[in-house]
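Structure at a glance
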Amino acid sequence: MTTQDQELFDNTCHPVEFPRELPPELRAGERARHGLARFLKALSEGWRTFRQNPLGVIGLSLLSVFALMALTSFIPQMINPMYNPMTGVDPNIMGIQAPSWKHWLGTDFLGRDIFTQLLVGAKVAFIVGFSAAFMAVALGTMVGLVAGYFGKWVDTLLMRLADIIMVMPGLLVILIISAVIGQLTIWNTVLIIALLRWSPVSRVIRSQTLSLRERAYVEAAKVSGAGSARIIFRHIAPNVLPLSFLYMTFRVTAAILVEASLAFLGFGDPGTVSWGMMLQWVWKTGNMFQAPYWLLPPGFCISLITLSFYLIGRALDEVVNPRLKKDA
Amino acid sequence: MELRRYLINRTFQIIITFFFIMTLLFVLFRIAPGDPSSMIIDPAMTPEDVASIRQQFGLDRPLYVQYLIYLINFFKGDFGISFYYGEPVLEVIKSVLPNTLLLFTSATILSALAGISWGKYAAWKKGSASDVALTLTGLIAHTLFLPWFALIMIWIFSYKLELFPLNGMISPEIWLDPGCGFWAKSLDVLYHLFLPLLVLFIIHFGGFLLVMRSSMLEVVKEDYILTARAKGLTDREVRNHHAAPNAALPVVTNIGLSLAFSINGGALTETVFSWPGLGRELVNAVSQFDYPLAQMSFLIISALVLVANLVVDVLYAYLDPRIRY
């Protein structure tokens, strides 16, 4: 471990605690205030580093556009029910039509507004991406902490499992699951993605935990009688959370891509309009050569949201691992 | 000697992994709602066939016997009858496996080679216009949504420019013509292969390029590069013989890690291009509820990923003499 890494951890780790010094209520308040101040300080320092990375800023700007799309996705349907992405039909339009003032990106094979579908697709992408990533990272962090802290056979067992899951082609596993249990809802998909994508996170968290558990402050906590759970969650976990957070940005992309691919192949949730679903419609109805205004936007969105999360992830990598900063 | 132990170790792990996946699949198909026999028996079969299949798969026997029969059948190569094709699953898989291997291995090898050499070059000329251009291209290629990109390529090259076939792997008129020899047929396959290969290549080289570039940037800071320069070696020699081989190691690891990901991409590409491969067969089997075929194509694809992982391990051990534990 380099000096910079050392500093990084020393700056973020909690001070050694001596449990019986203060009455509990006072201690809790003290720590909360202290923790919040520290968190805000770290955040503003991190933001300063992040801001210096032009690609990261581009990624963040792109992402805010998508966030705006997702947040405004309910507006068109409120203005006029014909803009409903699923059931809305313009009484004057039957089927596909090129872009017009009324339908900025034209209409699909059922006469539904493509622009609204695109907005709702952004919302679905965020929901799928963040919930799957959150679950995957939470699971991966837990597994990594437990494996790293306990070591021995627990470690071997969990890491073998992580290896096995790592080599499974996620998309195809979801396909085979959907073959068995039938049509997957969007939440089933999210859950399965999370169950298949935790292993890379757990590897990284485990190796960090391995080095953290040898630290003096963990020793001190042990001596003062803290149990394993307390040491893991109060003393080790706070130090690996920045890394987990970094990994979340990468997991978000993976989840969005898997959902989009699944929907594209025709195994998406028929009750949701996702970008992958839109591509499946344009492809399966054989309109991909006739309607570029329908084919291009959803794919652009999937690719750009992937790009933006990737850029943000790389910039965050520099914030979390200052050692990388010089290379840029 | 040490190398042999490492490889035996890895092979052993891979066999265990495969058993784990097989067992998982068995459990998955047995906990599924409904009668498990509906997963193996085609609704269109005659009662006699149904009875013989029930007996063959031991569906009237306890679970552990069913599991044993499942394992034995797999190693005997008896995968059941595909509902859709009405012929043994093994035959279907045998006919599509070479096509997948052709597309997948050529795409992986070409994109890795290109990623390594361009990444090497970009890192060496860090900050130059060509570095920026290469890195940005790699970045964009890396984040393109594969099926969409494939559709666009078909739209441009096959539909607008009419340079390549829309889909498939062969032109029937050439294959049915007895006058066409081996070379004409090979050329025909290459002609159909080009576009899907190009799509997979573009999607995958970006990732390799980015990894190679950042690994190369780490390596050039090492002392032995300074030594090589001080010895008076040319720039080219230092780059190609001292820096690049060491920088390529993480790329090889990356090939192993991204295999599962690129198998997914392979399935999508095959489906979009109607390339008669294992991935497309799996996708079709799932949508047609052809359970025996779906199950076995999945197992064979998993086995492929595992074997490819082993190949990457061997390559890694060969490239890095330090990996001998």
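Residues numbered from 1 in each chain as written. Chains lettered and ligands numbered in written order. Predicted model: local features only at pLDDT ≥ 70, side-chain atom pairs only at ≥ 80, totals over all residues. Heavy atoms only, no water.

1. Observations regarding the overall build of chain B
The condition that has to hold: The way it works is that DSSP assigns letters per residue, a run of H or I at least four long becomes a helix, a run of E at least two long becomes a strand, and they are numbered from the N terminus. Working definition: with a 1.4 Å probe on protein chains only, accessible area under 20% of the residue-type maximum means buried, over 50% means exposed, and in between means partly exposed. Contact definition: two residues touch when any of their heavy atoms are within 4.5 Å.
On a plain count of helices and strands, chain B comes out with 13 helices and 0 strands. Starting at the N terminus, the α and β elements of chain B follow one another as α-α-α-α-α-α-α-α-α-α-α-α-α. Dimensions of chain B, computed from the C-alpha atoms along their principal axes, are close to 80 × 55 × 40 Å. Within the span of chain B, comprising 325 residues, buried residues form 50% of the whole. In chain B, the proportion of contacts linking residues at least 24 apart, taken out of those at least 6 apart, comes to 72%.

2. Some remarks on the overall build of chain A
Worth spelling out the cut-off: The protein chains shown are the only cover counted for residues, whose accessible areas, like all others here, come from Shrake-Rupley with a 1.4 Å probe.
A tally of regular secondary structure across chain A gives 13 helices and 0 strands. Buried residues in chain A amount to 54% of all 328 residues. Across chain A, every contact between residues at least 6 apart in sequence was considered, and the portion connecting residues at least 24 apart equals 72%. A total accessible area of about 15100 Å² is found for chain A, and carbon and sulfur atoms account for 68% of it.

3. Some thoughts on the nonpolar core
What counts here: Note on terminology: a nonpolar core comprises buried Ala, Val, Leu, Ile, Met, Phe, Trp, Tyr and Cys residues joined through side-chain atoms within 4.5 Å.
Grouped together as the largest cluster of nonpolar side chains are 183 residues, with contacts concentrated most on Ile 176, Trp 275, Leu 295 and Ile 305 of chain A together with Leu 299 of chain B. Ignoring anything within four residues of it in the chain, the contact list for Ile 305 of chain A reads Leu 63, Phe 66, Ala 125, Phe 126, Ile 256 and Trp 275 of chain A. Formed by 8 residues, the second largest nonpolar core is a distinct cluster that contains Val 143, Ala 147, Leu 158 and Met 159 of chain A.

4. A look at the interface of chain B and chain A
Worth spelling out the cut-off: Take the accessible area each of two parts loses on contact, using a 1.4 Å probe, and add the two losses: that sum is the buried area. Salt bridges are counted wherever a side-chain nitrogen of Lys or Arg sits within 4 Å of a carboxyl oxygen of Asp or Glu. Under the rule applied, a polar contact is a pair of N or O atoms within 3.5 Å (in protein, one hydrogen donor and one hydrogen acceptor; residues adjacent in sequence only if both atoms are side-chain atoms). Under the scheme applied, nonpolar residues are Ala, Val, Leu, Ile, Met, Phe, Trp, Tyr, Cys and Pro; charged residues are Asp, Glu, Lys and Arg; polar residues are all the others, including Gly.
With 47 residues of chain B at the contact, the number on the chain A side is 44 residues. Here chain B and chain A share an interface that buries about 4300 Å² over both sides, 79% of which is from carbon and sulfur atoms. Connecting chain B to chain A are 0 salt bridges. One can count 6 residue pairs in polar contact (both at pLDDT 80 or more) joining chain B with chain A. Elements represented by at least two residues in the side of chain B that touches chain A include exactly α1 (2-31), α6 (129-143), α7 (146-160), α9 (182-219), α11 (235-273), α12 (278-287) and α13 (291-319) of chain B. Residue classes in the side of chain B that touches chain A are distributed as 35 nonpolar, 9 polar and 3 charged.

5. Details of the packing of helix α5 (residues 89-124) of chain B against α9 of chain B
Residues and elements named next belong to chain B. Formally: Comment: axis = line fitted to C-alpha atoms, over the contacting stretch for helices; angle = value between 0 and 180 degrees taken between N-to-C directions. Left-handed is the label given to a crossing in which the near helix is rotated counterclockwise from the far helix by less than a right angle, and right-handed is the label when the rotation is clockwise.
Following both chains from N to C, one finds α5 and α9 inclined at 35°, their axes separated by 5 Å at the closest point. The two elements α5 and α9 meet at a crossing, and its hand is right-handed. The class makeup of the residues in the contact of α5 with α9 is 23 nonpolar, 6 polar and 2 charged.

6. Side note on a nonpolar patch on the surface
Worth spelling out the cut-off: Note on patches: the residues involved have over 30% relative accessible area and no salt bridge, like charges join within 9 Å, and the nonpolar side chains Val, Leu, Ile, Met, Phe, Trp and Tyr join within 5 Å.
A cluster of nonpolar side chains, contributed by Leu 36, Phe 39, Leu 40 and Leu 43 of chain A, occupies part of the molecular surface with about 410 Å² of accessible area. Structurally, Phe 39 of chain A can be placed in helix α2 (residues 24-51).

7. Notes on empty space enclosed by the protein
All names here are of chain B. Inclusion rule: Put plainly, a pocket is an open set of points on a 1 Å grid over the protein atoms alone with protein on both sides within 12 Å along at least five of seven lines, a cavity is a set where a 1.4 Å probe fits but cannot get out, and a lining residue has an atom within 4 Å of a point. Grid points are joined across faces, edges and corners, and a volume is the space filled by probe spheres set on the points.
Within this structure, the stated rule accounts for 4 cavities of 30 Å³ or more. Its boundaries defined by the atoms lining it, the second largest cavity holds a volume of some 60 Å³. Along the walls of the second largest cavity sit Thr 100, Phe 104, Ile 263, Gly 266, Ala 267, Glu 270, Leu 278, Gly 279, Ile 301 and Leu 304, which together make up its complete lining. For the lining of the second largest cavity, the secondary structure elements donating two or more residues are α5, α11, α12 and α13. No other element matches α11, which puts 4 residues into the lining of the second largest cavity. In the lining of the second largest cavity, the residues fall into 6 nonpolar, 3 polar and 1 charged.

8. Considering the layout of surface pockets
Residue and element names in this part refer to chain B. Taken as a whole, the second largest pocket encloses approximately 630 Å³ of empty space. Along the walls of the second largest pocket sit 27 residues, with Thr 108, Ile 109, Ile 255, Val 311 and Val 312 positioned nearest its centre. Elements supplying a minimum of two residues to the lining of the second largest pocket: α5, α11 and α13. The element contributing the most residues to the lining of the second largest pocket is α13, with 10 residues. Taken together, the residues of the lining of the second largest pocket break down into 23 nonpolar, 3 polar and 1 charged.

9. Notes on the pattern of salt bridges
Residues and elements named next belong to chain B. Inspection of every chain in the model, using the stated rule, returns 8 salt bridges over all chains. Among the salt bridges present, the one from Arg 213 reaches Asp 131, with a minimum N-O distance of 2.9 Å. Here the residue Arg 213 occupies a position in helix α9, and Asp 131 occupies one in helix α6, the gap between them amounting to 82 residues. Look at Arg 213 and you get buried, because its relative accessible area is 8%. Of the charged contacts in the structure, one is a salt bridge between Arg 229 and Asp 235, with a shortest N-O distance of 3.4 Å. Given a relative accessible area of 42%, Asp 235 falls into the partly exposed group.

10. Digging into the side chain of Asp 290 of chain B
All names here are of chain B. Put simply, the test is: When charges are counted, Lys and Arg contribute as positive and Asp and Glu as negative, whereas His and the chain ends are disregarded.
Relative to the assigned elements, Asp 290 resides in the loop between α12 and α13. Put simply, Asp 290 is tucked away with no salt bridge, and the nearest opposite charge, on Arg 280, sits 12 Å away. At 2.6 Å, the side chain of Asp 290 and the side chain of Ser 82 are in polar contact. In contact with Asp 290, other than residues within four places in its own chain, are Ser 82, Phe 83, Tyr 84 and Ala 285.

11. Topic: helix α11 (residues 228-264) of chain A
All names here are of chain A. To keep things clear, this is the line we draw: Here a helix's expected span is defined as the number of its residues, less one, multiplied by 1.5 Å. Axes are fitted to the seven residues ending at a residue and to the seven starting at it; the angle between these axes is taken as the bend at that residue.
The end-to-end C-alpha distance of α11, which contains 37 residues, comes to just 46 Å, noticeably less than the 54 Å that a straight helix rising 1.5 Å per residue would cover. At Ala 237, α11 shows its maximal kink, close to 60°; a proline, Pro 238, follows between one and four residues later. Among the 37 residues that make up α11, 26 are buried, leaving the element largely enclosed by the rest of the structure.

12. Structural notes on the packing of α11 of chain B against α13 of chain B
Residue and element names in this part refer to chain B. Definition in use: In this scheme, roughly parallel covers angles under 35 degrees and roughly antiparallel covers those over 145, while 65 to 115 is roughly perpendicular and the rest are oblique.
Where α11 contacts α13, the two axes come as close as 9 Å, and the packing angle between them is 175°. Accordingly, the angle class assigned to the pair α11 and α13 is roughly antiparallel. Listed contacts from α13 to Leu 249, Val 252, Thr 253, Ile 255, Gly 256, Leu 259, Ala 260 and Ile 263 of α11 are Ile 301, Val 305, Ala 308, Asn 309, Val 312, Leu 315, Tyr 316 and Leu 319. Its residues assigned to classes, the contact of α11 with α13 comprises 13 nonpolar, 3 polar and no charged.

13. Observations regarding the confidence of the model for chain B
Our working rule: In predicted models, pLDDT denotes the confidence assigned by the predictor to each residue on a 0 to 100 scale.
Of the residues in chain B, 91% have a pLDDT of 70 or more, and the chain-wide mean is 82. Complex prediction metrics read pTM 0.83 and ipTM 0.85.

14. Notes on the environment of Asp 131 of chain B
Residues and elements named next belong to chain B. Its relative accessible area of 3% is what places Asp 131 among the buried residues. With 168 residues separating them in the primary sequence, Asp 131 and Leu 299 have C-alpha atoms 42 Å apart. Ignoring anything within four residues of it in the chain, the contact list for Asp 131 reads Ala 122, Lys 125, Lys 126 and Arg 213. At 2.9 Å, the side chain of Asp 131 and the side chain of Arg 213 are in polar contact.

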